[in-house]
Amino acid sequence: TEEAGGGGGPAAETGACDPADVKLVGQVRNESNPYEAAWLDGGDAFAEQVGLTQERLTYDGDSTRQQEQVSQLLAGDTECLVMNVLPNGDSDTPPIVEGAQEAGAYLVTQWNKPADLNVTDYDTWLSHITYDGVESGKQIGDALAEAIGGSGGIVALQGILDTGAAKDRFAGLEESLAANTDVELLDDQTANFSRAEALEVTKTLLSKHGEDVKGIWAANDDMALGALEALQQAGRDDVAVVGIDAVPDALTAIQDGTMTATVSSDGPWQGGIGLAIGYCVATGELAVEDIADEDRAWYAEQFLIEQDNVADFVSPETDESDFACDNLFSRSQGAMS
Amino acid sequence: MSAPALTSPAPDAVVPGRPTVGQRLTAFMPVIALVVLLAALTIADPGFLTLSSLTAAVRTSAPLVVLAAGATLVVLCGGIDLSIAALCSLATVFFALWLPDLGGITTVAIIAATGAIGALQGVAHVLFRIPSFIVTLGGMSIFTAVALVISDAGPVRVVDRDATNWLTLYVGGVVPMAFVVALVLVAAVSLVLRLTPLDSWIRATGYSESAARLAGAPVDRVKIAAFTVSGACAGLAAVMLVSRNFSGSPTMADNLLLPAVAAIVVGGTAITGGHGSLWRSLAGALVVTLLRVGLPIVGVPSAYEQILYGAIIVAAVALTLDRSKVLIIK
Amino acid sequence: MTTNLQTQPDPRVPAPAPALEVRGLVKHYPGVKALDGVDLVVRQHEVLGLAGENGAGKSTLLKALVGLVRPDGGEIWVRGEKVRLRSVVDAADHGIGMVFQEQSLVPNLTAAENIVLGSEGPGVRRGIYRWNTMRRLAQEQLDKIGSHIDPLARTDTLSFADRQMVEIAKVLRIEERTSHPPVIILDEPTSVLESKEIETLFTQVRRLREFASVVFVSHRLDEVLDVCDRVAVLRGGRSVGEVPSADAAPAELHRMMIGSTGSDDHYHGAVAERPDEARRPRLVVRGLSGKSFRDVDLDVHAGEIVGIVGVHGSGREDVCRALFGAEPTTAGEVVLDGEKLDLSGTRAACAAGVGYVPAERKTEGMVGPMSVADNMTLTKQQSRCTGPLVRPRKQATLVDRWIERLSIRTPHRGTAIQRLSGGNQQKVVLARWLVAGDVRLLLLDHPTRGLDIGARSEVYRLMRELAGSGVATVLLADSLEEAIGMSDRIIVMSDGRATTEVAAPPGGKPTPLDLVKEMV
Amino acid sequence: MTSPAEADAGSEVVNAGRPQPRRGISLSDAGPPIALVVIFGVFAVLSPDFRTLSNVQNVLDAAAVLAVVTCGISFVLMMGSIDLSAPGIMGASAIAVALLVANNRNDNDFGLFGVAVAVLLGAALGCLSGLALVVLKVPSFMTTLGISAVGLGVATLMFAGVQPNVTDPMLEGWAVERFLGLAHLTWIAVACVLVGVLVQRYSRLGRYAFAIGGAEEVLGLSGVRVAPYKVAVFTMAGAFYGLAGVLVTSQLSAGLVQAGKGYDFSAITAAVVGGTLLTGGRGGILHSAVGVLLVTVLTNGLVQVGVSPYWQGGVQGLIVVAAVAAAVLPQRRRNQVTK
Ligand SMILES: Nc1ncnc2c1ncn2[C@@H]1O[C@H](COP(=O)(O)OP(=O)(O)OP(=O)(O)O)[C@@H](O)[C@H]1O
Ligand SMILES: Nc1ncnc2c1ncn2[C@@H]1O[C@H](COP(=O)(O)OP(=O)(O)OP(=O)(O)O)[C@@H](O)[C@H]1O
Ligand SMILES: [Mg+2]
Ligand SMILES: [Mg+2]
C-alpha cells in the first residue's frame, strides 16, 4: 500500500510556467445569483487581460460535489493549475487545501476557512481573502441603530446557521447591540441567506411583534430584499432594513431610500484577484516566500454603503492595475485576526 | 391427477427457466451505461480518461456507493429511506466529537450507533405503520436539528487523523482504499443475501408484502434489518467523508440524498420494490458520480450541465430498467 | 378437426354465420405452447361451455378473443367476417366482452364508474362527468341483472359477490356498443360465488341467450352441463372435441379433458387409516372473539378434517385468519397440542406448525414475480437450508419432487409463478406447507378455488394423506358438497358464531339441504 | 341453534365494523383535519401572537404558493407516481415571467400574456416528464428529477447573471393588494384548490388519475388507454408549478432561479400529511389543502412560540411523524401493507 501521487508531489513553490500554459479555474456555488455570477465574470475579465480563459466551475452549494470536482481537477494536469475557490463552508477548506498542496496546484481561497488552519503552513495555498464579517455585522448594526433613532426593537435574519459568515456577522450585530443599549433584539430567525425564506420569516415576525419592529438586520442583501418585500406586502414603510454584500438590487433600494445600508463586497474583484495571485506565482513573477505573512490571510477592504455614498458603488469597476503582480495586496485591511 | 398430458415444449423453444441472452444483457445494462458514459466523456475531453482521473473518480464515489448500497435494501423491501444523508451528516459530527475520547474504536462505535438509529426508524415504521417516506423524512429533519445543536452549528475539526488515515491509502498504488471498502461492503452484503433466505424474504416483502406475511416470512424483522443496514452504511459513509474532509459538519452529506436515490434508480432497481440488487446500485453510483464531476470537468457550461444531467439520468434509467420484472411503471 | 366442429347444416334453413369462430389459433410462451391450433365455434344464441384442465389454455384462448393476447397464428372470424383484434376496445366494437378470471374492477371508483369504464358514452361529455347520467346508465345495467346495489357505492366496500355482479353488469355494456348480438365471455365466474349467487348468475346467463352468445368456463362440470347448451373441451392447447350437454355426463367430459377415465365422486375417496393419536384433540379453541366473530369454540382432533360452512359474512374466514395470527382477536384461548398458541402474528403461527392457504391467491397467496421454487420454499426456509445457508441443490431436488408429485405444470422450477395457470399456482401455494413435513394444523380457505377436477382430486387425496399422518385440518370449502365430502365434522357458522355442529362420518354424511337449513 | 334474539344481537356486533358503502368523506379521513385543529389549538393557547386575526391572515397568505404546488402534485400522487420536478419548473417559469412582464432587463411588457406563457412553459416541462414516463417507461421519480434539472438549467440560461426585477404593477399588486383581508395571491391559490377539486370530482382526467392509482392494469382491461391521461396529469401538474413560480415572482418582485427550492418535498409532505397515499388511489385536493394548512401552521407556530431556529426543523419533523402516526394508527390492521 502506498500513496498515489496526484501530480507528482509538490511542484516547485515558485513556478516557472510559460504564461500560455497556465490553467485558470474559478469555482463558486452557482451562476444563478448575481454576486457569484459577477465573481466568475471578474475572473473571465482577468483571464482575458492575460490572454487566457478561465474554467468556470459551479457546485450548486453542494459540499460533497465541490470536493468531488476539486479532486477530479487535481487528478488531471496540475503543473500550472491556478484555482480561485469559494469553499462552500469552513469545513470544506482543509481537504481542498491539502489536495492542492499534494498535487502542487496554486490555490487562493476566499470567505470560508477554519480559524485554526494556517495558510503559512502550506506552500501552494497562496492566500486566503475574506471580509471581516464581525466588522460588517457591526457596521450595519450601528447604521440600523442610527436609522431607528438609537432606540427600539429590531429583528435579525440569520444566514445558513453552520457557516462562519453567518456566525461572524451575527457576532458583529451582538457587538453593536452591546454598544447601542436602547436597541432591543426582539427575535432572531434563520432564513438561510434566501430571499424567499426571508419573505416568509419576516411576515411571521411582523405579525408576531407588530409595531414593535422598527428595524430589520439581515445577514445578507438577498434576505434584506426579501424582508423589504414582506414590509411592502404588510404595508409597512416605517421599518429600516440593512444587509451585507452590496448586490445591485440592494444598491438600487438604498438609492430609492427603501433600504438603509449595506456593506460592499466586490465580486468581480474577488473573481479576479484570486486568479491574479496564482498567476503571478505560477509564472514566477512573484515568489511565495516573498508574500508577507500578513498577506497570506487577510481582510479585504470593505465599505459601509448608505444613501450618501451609494452612487460610488453602483457600477463597481475593477481596475487592471488591481491585478498587477506588484499591486495585488493593495486592498488589504490587515491580516486576519 | 391422472396422466397429465403435458404440452411438450416446442423443440426450438429456448431452454426454459434459464436466462436468455437478452435477459443476461439486461443484467449488465448498468455496466453498459457506465461504459457508454465514460466513452462519451472521453470523446468530449480526451484528457479525462487517465488513470489518475479514474482513480479520483472511484475514490470520490465511495461514500455515495456506500449510502446507495444501504438504502437499496430498504428500496428492495418496497420502502424508501430519505434520512441517509442527514444521518450521515450527523454521524460525521459524532465522529469528530467522539474521536478524542474513543480513539481507534470510534469507527465501530459510529457504525453501531447509526445502525441503531436506523433500526429505530425501522421499528417506528413497522410498529406504527407510518409510511417509510414520512418516518425517514421526519428522521431527516430531526437528525439535522440534533447535528446543528451538538456541533454548535459549525464544523468540528478532526485533528487526530490516524483513525481515518487508512481510508486514504491506495491498494496496489492505484485503487483507493475507500472504494475497496465500498466494494467489499457491496460484495459482503450481496453474498449474505444470496447465501441465506434473506434474499427471498426481502424480495417477497418488496413484491407483495401481504403475501410474504401470510407465508410466514418475518416481514417486520426484515424491514427493520434493512433500515438498520441502511443506517450503518450511513455511518460508514460518514467515516469516509471525515477521512476526506478532516472534519465533521452538520450538513456535510445532506446533498448526497438525491444522488444516492438516483444511483439506486439508475442502477435499474425498481423504486416500487422487489427487483434490483446492490451491484446495480454500485454501477448507478458510478454513473451518477461521473455525471456530477465529469460534466463540468470536461468543460460543459453550468446551465447546459444541468440540462445534460437531467437528460442523461433519464436515458440511463431507460437503458437499465428491466421492464420484464417491473410490470407497472409508476 | 375444424370440419367436425362445424354446425350441422339444417337442410331447410340456411345456417346463420356463427357468432364467433376460431381456426387454428396458436400462441407460444417461453417454454409453453399455450394454444396449439385451437378450433372453436360459438353459435348465435347459445351458451357454450369450455372445459379443460388447469393450463389447458382456456384463459389464453379467451384473452385472444378480446384482443389481450396477440396470437402467433390462426384466424378469428366474427359473424362470418375475418377480424384482427388488437385491443379490448377492438373486441368490444365487434361485440365481444369478457369477465376475467381474476376480478378486474378499480377498487377506489364507484360501481357506476366501473360499469361504464371505457365506454362512458353520454356519461361523460367533453371530458366532464355527468354523474346523474352515469348513475342512470349504471342503474340500467344493474337492473338488467336484478342487482340492488347502490351504483354510487365505492367498489371496495361491496362484497365479493356484489363485485362479481358489477363485473357482469359492466360486460353487458357491450350491448350498447354494437347493433349485433354480443358475445359475452365468462372465465370461471362462479369459483368465488355462493350457491344462491350462482343461481342468480345462471338465470342471467339463460336470459342472455335470448339476445347474445355466451362462452362459459368453469371447473365444476355439473355446473357447466347445467347451464350450457354445448361444451367444447380443450387439452394441451388443442380442441379435443365437443358434446351437447343434454346427453353428457361429467365423467365423459372429464375423460375428454384428461384423455383417460377418471372418477366423478372425487369427494368420497377412501378414508385413510387414522393413526392412534387420532382421538386426541389437537386444536382446542375456546371463546375466540374478534371483529367479525364471537365466542367461537372449536375442537379439531389430530387427523381430522373439520369443515366450516356459512354464508358470506358469517365470519368463518376471519376465524381462520385469527388462528393464523393474521387477524386480531379480542378474547379467547387457543391451545395446540396442549400448548397455548401465540396469536400475535403469522410468524409465531408458522413456527408452531400452523399452515394457512388464503383464498385470495393473487394478492395474498403468492409472490407473482418470484419463481415457483422460491414461492414453494418461502415459508419453510429450513427445507432448503443447511444451517443458515441456502443450498440451491437441495432446493432444486425438493422442489422438483413436489412439482412432479402434484403434477404442477410449469416449464421450469425457475419460472415466475405468475406465468402459471391459476390452478397450478394454487398447487404451488399448497405445496409450500408440505415441503417441510412439519405442519400440525392446516387452515385451508377455499384450497380448490379454480382447480380442475384432476387437480382437485389430487388436493383431496393430499388432504386425506395429511390427515392420515395426523395433521388437523380446518377446511372452508368451495361448495357445500365439497365440505360434506371432505369433512369428518362440519361446523355451521352464522353471524359470527358457531351455531351448530354436524357429524359427517363416512357413510353418515348429511345432505346439503340439512346444512342450508342450519346456515340461515 | 340460535334464538332470533341472539342472532340479532350477534349481527349487530358483527355489522358494526363492516365498512358501509360510501360516497363522500368517511371517518377514516378525519384524522388530518382533527390534527390541524389540535395543533392550531395548542399554538393558540401557547402564543397570544399566534391567535391574532392578522396572523391567521398571514398563515393563509403564507400557504398560498405551497397550496398551488400541492394541487399539482396531488394528482400525480393520486396516480401512484411521484413528482420532484417542482423546483426546476418553478425556477424556469419564475425567470420566464420576470423577463416577459415589465422588468429591468428588457423592454417586454406582456402582462397577463407573459404569465400565461410562463404557465405554459411549466405545462410543457411537465408534459416532457409525462412523456418520458410513458414513452421511455422510466419511473416518474427519475423523469421528474431529470426534468427538474433541465428546468434549472433553462432558468440559469435565461437568468444570465443579472437579476430580473419585476416592475409590472399587476404582478406586484397580486402580492400586495388585499381583498377581504387576504392577498390576491391567496385568492388565486383558493381558486386553484377549487379548480383542483372540480377537476378531481367532475372530470374524466381527475377520475382516471384516481383510478390509475387504484388499479392501473384494470383500466387497460377495460379498454382505457392510460398513457394520454398520465401525460395530461403531469402536464397539468407542470402548469400548477408554473403558476406557483409566477406567484413566487410576484411575491419577491424578482425572478429567482431558486424560486422553487424545497417545494418538492414540502408539497409531498403536505399531501401525505393530508392523507394522500404515496401508493396512489387515495386522498385528493381537499386532503392536500388540509395538509398544506397543517404544515404552514406548524412553521408559523414554531416561530411564534419562539422555538430556537436550530430546533425548528427537528420539532416540525417530529410533529409531522406524530400527526401521521395518529391519523394512521386507528386504521391499523393486521397484515396491512405499509410502504
Ligand atoms: N403470460 C404468460 N407467460 C407465460 N406463460 C403463460 C402466460 N399465460 C399463460 N401461460 C401458460 O399458458 C398455458 C395456458 O394457460 P391458461 O391460463 O390459458 O390456462 P387455463 O386453461 O385458463 O387454466 P386454469 O383453469 O388454471 O385457469 C399454461 O401452461 C400457462 O403456464
Ligand atoms: N362484521 C364485519 N366487519 C368487517 N368486515 C367483515 C365483517 N364480516 C365480514 N367481514 C369481511 O367480509 C369478508 C367476507 O366475510 P367472511 O370471511 O366472514 O365470509 P365467509 O363466510 O368466509 O365467506 P366465503 O364463503 O366467501 O368464504 C371478509 O374479508 C371479512 O373480513
Ligand atoms: Mg384460466
Ligand atoms: Mg370467505
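Residues numbered from 1 in each chain as written. Chains lettered and ligands numbered in written order. Predicted model: local features only at pLDDT ≥ 70, side-chain atom pairs only at ≥ 80, totals over all residues. Heavy atoms only, no water.

Draft legend 1. Structural context of the interface of chain B and chain D. Across the contact, 51 residues belong to chain B and 54 residues belong to chain D. By the criterion of area lost to chain D, the three top residues of chain B are Arg129, Phe133 and Lys330 of chain B, representing 18% of everything that side buries. The tally of links between chain B and chain D comes to zero salt bridges. On inspection of chain B and its partner chain D, the count reaches one residue pair in polar contact (both at pLDDT 80 or more). For the side of chain B that touches chain D, the elements supplying multiple residues, two or more each, are helix H4 (106–128), helix H5 (132–150), helix H9 (209–214), helix H11 (257–266) and helix H13 (302–320) of chain B. No other element matches H5 of chain B, which puts 12 residues into the side of chain B that touches chain D. Among the residues making up the side of chain B that touches chain D, the classes are represented as 34 nonpolar, 11 polar and six charged. (Contact = heavy atoms within 4.5 Å. Buried area = accessible area lost by both parts, 1.4 Å probe. Salt bridge = Lys/Arg side-chain N within 4 Å of Asp/Glu carboxyl O. Polar contact = N/O pair within 3.5 Å; in protein donor to acceptor, adjacent residues only side chain to side chain. Helix = DSSP H or I, 4+ residues; strand = E, 2+ residues; numbered from the N terminus. Nonpolar A, V, L, I, M, F, W, Y, C, P; charged D, E, K, R; others polar.)

Draft legend 2. Expanded view of helix H6 (residues 140–159) of chain D. Residues and elements named next belong to chain D. Over its 20 residues, H6 runs 28 Å from end to end, which matches the ideal 28 Å to within 8%, given 1.5 Å per residue. Counting buried residues in H6 gives 16 out of 20 residues, a clear majority hidden from the surface. Immediately downstream of H6, the backbone of Ala160 shows phi near 50°, a positive value. (Expected span 1.5 Å × (residues − 1). Buried < 20%, exposed > 50% of the residue type's maximum accessible area, 1.4 Å probe, protein only.)

Draft legend 3. Geometry of a negative patch on the surface. Residues and elements named next belong to chain A. Taken together, the side chains of Asp18, Asp21, Asp77 and Glu79 define an acidic patch exposed on the protein surface. Relative to the assigned elements, Glu79 resides in the loop between helix H2 (63–75) and strand S3 (81–85). Glu79 sits in the exposed class, given a relative accessible area of 54%. (Patch = residues over 30% accessible without salt bridge, like charges linked within 9 Å, V, L, I, M, F, W, Y side chains within 5 Å. Areas by Shrake-Rupley, 256 points an atom, 1.4 Å probe, with all protein chains shown as cover. Lys, Arg positive; Asp, Glu negative; His and termini not counted. Charge placed at Lys NZ, Arg CZ, Asp CG, Glu CD.)

Draft legend 4. Quick peek at the site of ligand 1. All names here are of chain C. Around ligand 1 sit 19 residues in total, of which Asn54, Gly55, Ser59, Thr60 and His219 are the nearest. A distance of 2.7 Å separates an oxygen atom of ligand 1 from a polar atom in the side chain of Asn54. Measuring from an oxygen atom of ligand 1, one finds a side-chain N or O atom of His219 at 2.7 Å. Isolated, ligand 1 exposes 630 Å² of accessible area, and the fraction of that covered by the protein chains is 89%. Put simply, the parts of the chain that give the shell around ligand 1 at least two residues each are strand S2 (32–42), helix H2 (58–65) and helix H16 (422–434). Two domains each provide a minimum of three residues to the shell around ligand 1, namely domain 1 (14–95 + 180–264) and domain 3 (281–519). (Near = heavy atom within 4 Å. Domains from an automatic or database assignment.)

Draft legend 5. Here's a closer look at H5 of chain B. Residue and element names in this part refer to chain B. Compared with the 27 Å implied by 1.5 Å per residue over 19 residues, the 26 Å span of H5 between its first and last C-alpha is a close match. Burial analysis of H5 places 14 of its 19 residues in the buried class, the great majority of the element. Looking at the residues trailing H5, positive phi occurs at Asp152, about 60°.

Draft legend 6. Spotlight on the packing of aromatic side chains. Applying the stated criterion across every chain, the model contains 19 aromatic pairs over all chains. Ring plane angle 25° and centroid distance 6.5 Å describe the contact between Phe133 of chain B and Phe265 of chain D, whose orientation is recorded as stacked. Here the residue Phe133 of chain B occupies a position in helix H5, and Phe265 of chain D occupies one in helix H11 (residues 263–273), the pair thus bridging two chains. Phe133 of chain B gets classed as buried once you look at its relative accessible area, which sits at 5%. (Phe/Tyr/Trp six-rings, centres within 6.5 Å; stacked < 30°, edge-to-face > 60°.)

Draft legend 7. Structural detail: a nonpolar patch on the surface. All names here are of chain B. There is a patch of nonpolar side chains on the surface, built from Leu25, Phe28, Val31, Ile32, Val35, Val36 and Leu319 and spanning about 590 Å² of accessible area. For the nonpolar patch, the leading source of residues is helix H1 (residues 21–44), giving six residues. The exposure class of Ile32 is partly exposed, given its relative accessible area of 31%.

Draft legend 8. Region of interest: the sheet that holds strand S5 (residues 81–83) of chain C. Residue and element names in this part refer to chain C. In spatial order, the strands read S2-S1-S4-S5; together these four strands make up an open sheet with antiparallel pairing. Of all the strands in the sheet, just S2 and S5 have a single pairing partner and so form its edges. Going from strand to strand, the sheet's axes swing by 30° on average, the running direction of each strand aside. Pairing of strand S1 (residues 20–29) with S2, which is carried by eight bridges, proceeds in the antiparallel orientation. If you follow Val22 over to S2, its bridge partner there is Leu40. Contacts from H2 reach S1, S2 and strand S4 (73–78), with the element oriented near 115° to S1. (Pairing = 2+ DSSP bridges. Axes fitted to C-alpha atoms, helices over the stretch in contact; angles between N-to-C directions.)

Draft legend 9. Representation of the environment of Ser337 of chain A within the structure. Along the chain, Ser337 of chain A falls in the segment after strand S13 (332–335). As for Ser337 of chain A and Trp298 of chain A, which are separated by 39 residues in sequence, their C-alpha atoms are 8.5 Å apart.

Draft legend 10. Geometry of empty space enclosed by the protein. Residue and element names in this part refer to chain C. The final tally for this structure, using the stated rule, is 14 cavities of 30 Å³ or more. Approximately 290 Å³ is the volume attributed to the second largest cavity. Those elements giving two or more residues to the lining of the second largest cavity turn out to be helix H3 (88–93), strand S6 (96–99), helix H6 (160–171) and helix H7 (174–177). Among the residues making up the lining of the second largest cavity, the classes are represented as 12 nonpolar, four polar and four charged. When residues of the lining of the second largest cavity are assigned to domains, at least three map to each of domain 1 (14–95 + 180–264) and domain 2 (104–177). (1 Å grid on protein atoms, 1.4 Å probe; cavity = no way out; pocket = protein on both sides within 12 Å on 5 of 7 lines; lining within 4 Å. Points joined across faces, edges and corners; volume = space filled by probe spheres on them.)

Draft legend 11. A look at the sheet that holds strand S12 (residues 238–244) of chain C. All names here are of chain C. On the basis of which strands lie adjacent, the open sheet formed by six strands has the order S6-S9-S10-S3-S11-S12 and mixed pairing. One side of each edge strand has no neighbouring strand; the edge strands of this open sheet are S6 and S12. For this sheet, the mean angle separating the axes of adjacent strands, direction not counted, is 20°. Inspection of the sheet shows strand S3 (residues 47–52) paired to strand S10 (residues 213–217) by four bridges, in the parallel sense. Residue pairing for S10: Val47 is matched across the bridge by Val214. Contacting S6 and strand S9 (183–187), H6 runs over the sheet at an angle of about 175° to S6. Lying on the sheet, helix H10 (residues 250–258) is in contact with S3, strand S11 (230–235) and S12; it crosses S11 at an angle near 30°.

Draft legend 12. Local environment of the state of the cysteines. All names here are of chain A. Going through the model one piece at a time under the given rule, you end up with two disulfides over all chains. At a sulfur-sulfur separation of 2.1 Å, the disulfide partner of Cys17 is Cys80. On the sign convention where negative means left-handed, the S-S torsion of about -95° between Cys17 and Cys80 marks this disulfide as left-handed. Pair noted here: Cys17 is in the segment before strand S1 (23–28) and Cys80 is in the loop between H2 and S3, with a separation of 63 residues, a long-range link. Overall, Cys17 belongs to the buried group, its relative accessible area being 10%. Look at Cys80 and you get buried, because its relative accessible area is 9%. One disulfide in the model links Cys280 with Cys325; its S-S distance is 2.0 Å. The sign of the -90° torsion about the S-S bond sets the Cys280-Cys325 disulfide as left-handed. (Disulfide = S-S within 2.5 Å.)

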